[in-house]
Amino acid sequence: MAKQATSPIAKTARLLDLVPFIATHQGIAIKDLAREFAVTTEELLDDLNTLWMCGLPGYTPLELIDLYFESGYVSIRNAEILQKVRLLTKEELVVIAIGLDFLKETLSKDREDLSLAIGSLQGKIKSLIGDIAQVTPTVDSSHRAIILRSLKERRNLEIEYHSLIRDQITTRAITPLELGEDRGVEVLMAYCRTAKGFRTFRLDNVKKADLLDSSEVISNSKKESEELFRAKCRVDARLRTTFERFRLDTDIATSPGLSSSKGITVEVTSFSQDWLVRNFMSTLANTEITEPAELAKTVGAKAQATLELYKNPHFSS
Amino acid sequence: MSRKTERLVNLTIALLATKRYITKSEIFRTVDGYEGTAESKERMFERDKDDLRNLGIEIEVGSFDPLFEDEAGYRIKPDRYQFQLGEVTSQEISLLSLAAEAWRGAALDGSALTALRKLHAIGIESDIESVPDLAPHANIRDKNLQIAIGAITSRQKITFKYLSEELAEQDRKIAPYAVTSRFGHWYLYGMDLEKLGIRSFRIDRISGDISPEGKTGSFEVENNFDLASLSSNVDEVSKAVIYLRAGRAIALRSRSVSSSTKSDVAGWDKVELSFRDKERFIEELLWYGDDAIVISPKDVRDEIVKRLELGVKRYG
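Sequence positions are assigned chain by chain, starting from 1 and proceeding in written order. Lettering of chains starts at A and numbering of ligands starts at 1, both following the order in which they are written. Totals for whole chains, interfaces and linings use every residue, but because this is a predicted model, local features are given only for residues with pLDDT of at least 70 and side-chain atom pairs only at 80 or more, for both listing and counting.

Caption draft 1: Seen up close, the overall build of chain A. Where helices and strands are cited, they refer to DSSP runs of H or I of at least four residues and of E of at least two residues respectively, numbered from the N terminus. Within chain A, the regular secondary structure consists of 10 helices and 13 strands. The globule rule is 2.2 Å times the number of residues to the power 0.38, and the radius of gyration it is compared with is taken over C-alpha atoms. Taken against the 2.2 N^0.38 rule, which gives 20 Å for 317 residues, the C-alpha radius of gyration of chain A at 29 Å runs more than 25% over that of a compact globule. Summarising its shape, the C-alpha atoms of chain A cover approximately 95 × 55 × 45 Å along the three principal directions. Residues are called buried when their C-beta atom has 20 or more other C-beta atoms within 10 Å, exposed when it has 12 or fewer, and partly exposed otherwise; all C-beta atoms are positioned from the backbone. Considering chain A as a whole, with its 317 residues, one finds that 35% of them fall into the buried category. Residue pairs qualify as contacts under a 7 Å threshold applied to their C-beta atoms, which are placed from the backbone. Of the contacts made within chain A by residues no fewer than 6 positions apart, 58% connect residues no fewer than 24 positions apart.

Following this line, the structure appears as structure tokens:
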């Protein structure tokens with residue numbers, strides 16, 4: 001989590017939260033308390049020292065908050081006024097509401113009890129902040145949990161994976177290496193035992209994940225280099241959609257020198273030739289491949305084959 | 001220095017403890033930390049009130065005492081200070097914590113952390129056994145999401161630059177209403193103050209930072225705004241009939257609405273499915289090349305044939 005800013009305001013918030021926390025965890029180790037509040041032990045001790053100076057007007061020992069330290073453990077007394085857990089801010093409520101949506105969407109059918117519990121919590125939150133967020137996750141939270149476990153326990157996985165590029169669902173045994181992100185898409189880097197090579201899997205295309213008992217140690221450092229395919233093309237309409245499709249940085253469209261009245265010429269890259277062919281098929285109306293010639297030819301042949309089917313009387317409208 | 005922190009905590013305690021409204025002069029006299037000239041105390045107090053409000057602590061202003069008619073009194077109502085979700089079970093604590101955990105390493109993780117602290121401070125152990133092994137994750141780091149949510153909850157108008165389909169930056173000014181996430185993208189909904197209608201914006205298409213404009217609480221959400229219906233019915237639904245090569249076009253096939261896929265052509269299935277955005281649907285069908293042949297609607301079929309002819313002419 002992000003490091004907390006130590007502005008007086010953030011510090012105040014922390015002090016107000018420390019009181020009820022210590023009150024429900026009397027005799028907690030300073031170390032654990034610092035970890036819970038994501039601060040160093042020094043910062044925490046400074047917090048506690050400040051708290052010691054606080055209390056009800058009058059500020060006699062009777063009115064001040066009392067802290068007891070005993071060999072690295074802390075307890076609190078005389079803090080009834082601040083002992084109530086603070087209310088959740090609106091932003092905290094939104095954060096939780098969205099998180100609950102993520103959970104609800106991936107519960108299995110047999111957990112209606114949890115679904116009801118989540119619904120009732122969401123109802124309470126909505127009555128406080130209104131209906132201001134609604135999310136549908138693309139990744140199944142239970143799949144992510146299994147992947148995280150496999151990484152932690154260094155166990156292999158069996159996944160059912162839907163490759164959109166190959167238009168296939170396959171079952172593969174993999175050794176997960178790390179979770180990452182590729183342009184906003186969560187991905188799992190893994191060694192695929194089925195394909196005998198390193199592969200990147202989109203989490204939203206994992207249809208099933210099961211832990212295997214086997215485990216392997218794979219060095220992640222020397223990833224064999226896959227061949228990168230490059231192509232140049234001119235984009236002359238639907239720029240934003242096409243840039244997003246080819247995962248191009250939109251900044252390059254606004255940089256000078258690239259743009260001309262006949263559209264923008266860009267270089268697109270992929271580890272999959274098939275992905276390029278399919279994307280150029282999709283964008284026949286607004287992209288034109290300038291190189292390489294073989295790629296243009298492949299797309300042309302694909303267009304020809306498809307057109308023939310459209311002319312086939314079996315498929316006439 | 002922690003003098004300011006000390007004063008803020010002491011002010012909170014004093015205002016929480018009082019059963020009646022207490023006046024500013026009482027506060028200056030009794031609460032530790034207000035020093036200097038009358039004017040500087042005044043300034044200090046105004047800032048402190050704002051700072052506490054930013055922490056979600058509401059200071060109520062009022063006066064019951066006829067003797068102090070012209071002097072306002074202040075207090076913090078305990079029920080506006082404390083955790084507002086009421087009694088929670090250990091299972092609910094697990095669910096709430098898990099929900100906040102979804103933001104670890106994502107935008108809003110600061111709020112997630114403070115929410116978790118409060119949940120833990122309740123002192124009810126979460127009942128992990130009662131919840132299946134789930135790892136939700138909000139896959140967004142864009143800080144514009146946080147700015148947008150801050151503006152939504154505080155009813156503050158915002159301006160930003162939005163990338164058009166031609167990749168031009170357009171200035172937008174909206175009253176932000178809600179955020180959604182669908183198909184892996186985050187959207188912001190609001191009243192477009194120039195176009196005077198509800199519009200949605202993909203957050204990753206916002207160029208640069210969102211800027212809040214003007215005061216908080218400066219608009220009301222339109223009565224007829226309904227997030228649930230807006231996010232599901234953007235365009236009208238159309239029906240299409242398509243031949244799919246057996247075993248191919250898996251993603252399209254999974255959207256089929258027809259009960260049978262039987263067809264009169266060997267090696268091919270016939271499916272019916274619905275689509276919303278015509279252009280996007282055409283591009284999706286072309287992705288599958290000679291594995292998907294659309295029969296109807298006719299305009300979709302004609303457009304695809306036209307594009308294929310162009311492709312053959314260009315690349316053939």
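Once you've had a look at it, read on.
Caption draft 2: Broad picture of the interface of chain A and chain B. Taken together, the 105 residues of chain A in the interface contact 107 residues of chain B. The greatest single-element share of the side of chain A that touches chain B, amounting to 12 residues, is contributed by helix α10 (residues 293-311) of chain A. Considered class by class, the residues forming the side of chain A that touches chain B number 57 nonpolar, 25 polar and 23 charged. Where strand β4 (residues 133-135) of chain A and strand β5 (residues 169-182) of chain B come together, 3 bridges link them in parallel fashion. Residue Gln134 of chain A lies in a different strand from β5 of chain B, and its bridge partner there is Thr180 of chain B. Under the convention adopted here, Pro, Cys and the residues Ala, Val, Leu, Ile, Met, Phe, Trp and Tyr are nonpolar, Asp, Glu, Lys and Arg are charged, and Gly plus all remaining residues are polar. By definition, two strands form a pair when at least two bridges between them are found by DSSP.

Caption draft 3: Here's a closer look at the packing of helix α5 (residues 90-101) of chain B against helix α6 (residues 109-121) of chain B. Residue and element names in this part refer to chain B. To get an axis, a line is fitted to the C-alpha atoms, and for a helix only the part in contact is used. The angle between two axes follows their N-to-C directions and goes from 0 to 180 degrees. One can describe the packing of α5 onto α6 by two numbers: an axis separation of 9 Å at closest approach and a directional angle of 165°. In terms of orientation, α5 and α6 fall into the roughly antiparallel class. As for the relative orientation of α5 and α6, their crossing is left-handed in sense. Together, Ile93, Leu96, Ser97 and Ala100 of α5 and Ala112, Ala115, Leu116 and Leu119 of α6 make up the contact between the two elements. When describing relative orientation, an angle under 35 degrees is termed roughly parallel and one over 145 degrees roughly antiparallel, while 65 to 115 degrees is termed roughly perpendicular and anything else oblique. Helix crossings are classified by the rotation of the near helix relative to the far one: an anticlockwise turn of less than a right angle makes the crossing left-handed, while a clockwise turn makes it right-handed.

Caption draft 4: Summary view of unusual backbone geometry. Geometrically, the link from Glu291 of chain A to Pro292 of chain A is a cis peptide bond, its omega value of 0° lying close to zero. Looking at the element boundaries, Pro292 of chain A is found in the loop between β13 (287-291) and α10. Of note, the bond from Ser296 of chain B into Pro297 of chain B is cis; its omega dihedral lies within 30 degrees of zero at 5°. By the secondary structure assignment, Pro297 of chain B is in the loop between β11 (292-296) and α11 (298-315). Within the chain, Arg247 of chain A stands out as a residue other than glycine whose phi angle is a positive 55°.

Caption draft 5: The packing of helix α4 (residues 90-105) of chain A against helix α5 (residues 112-129) of chain A, seen in detail. All names here are of chain A. Running from N to C, α4 and α5 cross one another at 150°; their axes reach a closest spacing of 10 Å. When the interaxial angle is binned, α4 and α5 end up roughly antiparallel. Note that α4 runs across α5; the crossing there is left-handed. For the pair α4 and α5, contact is made by Lys90, Leu93, Val94, Ile96, Ala97, Leu100, Leu103 and Lys104 and by Ser115, Ile118, Leu121, Gln122, Ile125, Leu128 and Ile129, respectively.

Caption draft 6: A look at the sheet that holds strand β2 (residues 66-70) of chain A. All names here are of chain A. The antiparallel open sheet is built from 3 strands, whose spatial order is β1-β3-β2. Lying at the two open borders of the sheet, with one neighbouring strand each, are β1 (28-29) and β2. For β1 and strand β3 (residues 73-77), the ladder comprises 2 bridges, and the chain directions are antiparallel. The residue bridging Ile28 from the neighbouring strand is Val74, located in β3.

Caption draft 7: Broad picture of the sheet that holds strand β10 (residues 268-275) of chain B. Residues and elements named next belong to chain B. The 3 strands lie next to each other as β10-β9-β11, forming an open sheet whose pairing is antiparallel. Each edge of the sheet is formed by a strand with only one pairing partner; in this case those strands are β10 and β11. Strand after strand, the sheet turns through a mean of 30° between neighbouring axes, direction not considered. Bridge analysis of strand β9 (residues 238-245) against β10 gives 8 bridges, and the strand direction is antiparallel. Pairing of Ile242 across the sheet is with Val271, part of β10. In this fold α11 packs onto β9 and β11, with an angle of close to 135° to the strand it touches most, β11.

Caption draft 8: Looking closely at helix α7 (residues 143-154) of chain B. What a helix is expected to span follows from its residue count: subtract one and scale by 1.5 Å. End to end, α7 of chain B covers 17 Å across 12 residues, agreeing with the expected 16 Å (1.5 Å per residue, within 8%). Counted residue by residue, α7 of chain B has 9 buried out of 12 residues, so it is predominantly covered. Next to the buried residues of α7 of chain B lie α4 of chain A together with β4 (157-163), β5, β6 (185-192) and β8 (206-213) of chain B. Positioned one or two residues after α7 of chain B, Arg155 of chain B has a phi angle of 55°, which is positive.

Caption draft 9: Inspection of the pairing of β3 of chain A at higher detail. All names here are of chain A. Judged by which residues are buried, β3 turns out to be one-sided: Val74 and Ile76 face inward and are buried, whereas Tyr73, Ser75 and Arg77, on the alternate face, are not. With 5 bridges joining them, β2 and β3 adopt antiparallel strand pairing. For Glu70, the partnering residue across the bridge sits in β3 and is Tyr73. Connecting β2 to the next strand, β3, in antiparallel fashion are 2 residues, including Ser71 with a positive phi near 30°.

Caption draft 10: Expanded view of the nonpolar core. Think of a nonpolar core as buried Ala, Val, Leu, Ile, Met, Phe, Trp, Tyr and Cys residues, each tied to the set through C-beta atoms within 7 Å. Ranked by internal contacts, the top residues of the largest apolar core, which has 94 residues, are Ile96 of chain A together with Ala100 of chain B. Of all the elements, α4 of chain A adds the most residues to this core, at 9 residues. Core analysis: the second largest hydrophobic core is formed by 43 residues, Leu276 of chain A together with Leu167, Tyr243 and Trp268 of chain B among them.

Caption draft 11: The arrangement of the confidence of the model for chain B in detail. Residues and elements named next belong to chain B. Of all residues in chain B, 96% have pLDDT values of 70 or greater, and the mean over the chain is 90. Here helix α8 (residues 227-232) stands out as the element of chain B with the lowest mean pLDDT, 73, in contrast to β4, whose mean of 96 is the highest. Reported confidences for the modelled complex are a pTM of 0.87 and an ipTM of 0.88. Here pLDDT means the predictor's own confidence in every residue, given as a number from 0 to 100.

Caption draft 12: The arrangement of helix α3 (residues 38-54) of chain B in detail. Between its first and last C-alpha atoms α3 of chain B spans 25 Å; for 17 residues at 1.5 Å apiece the expected length is 24 Å, and the two agree. Immediately beyond the C-terminal end of α3 of chain B, within one or two residues, lies Gly56 of chain B, with a positive phi of roughly 85°.

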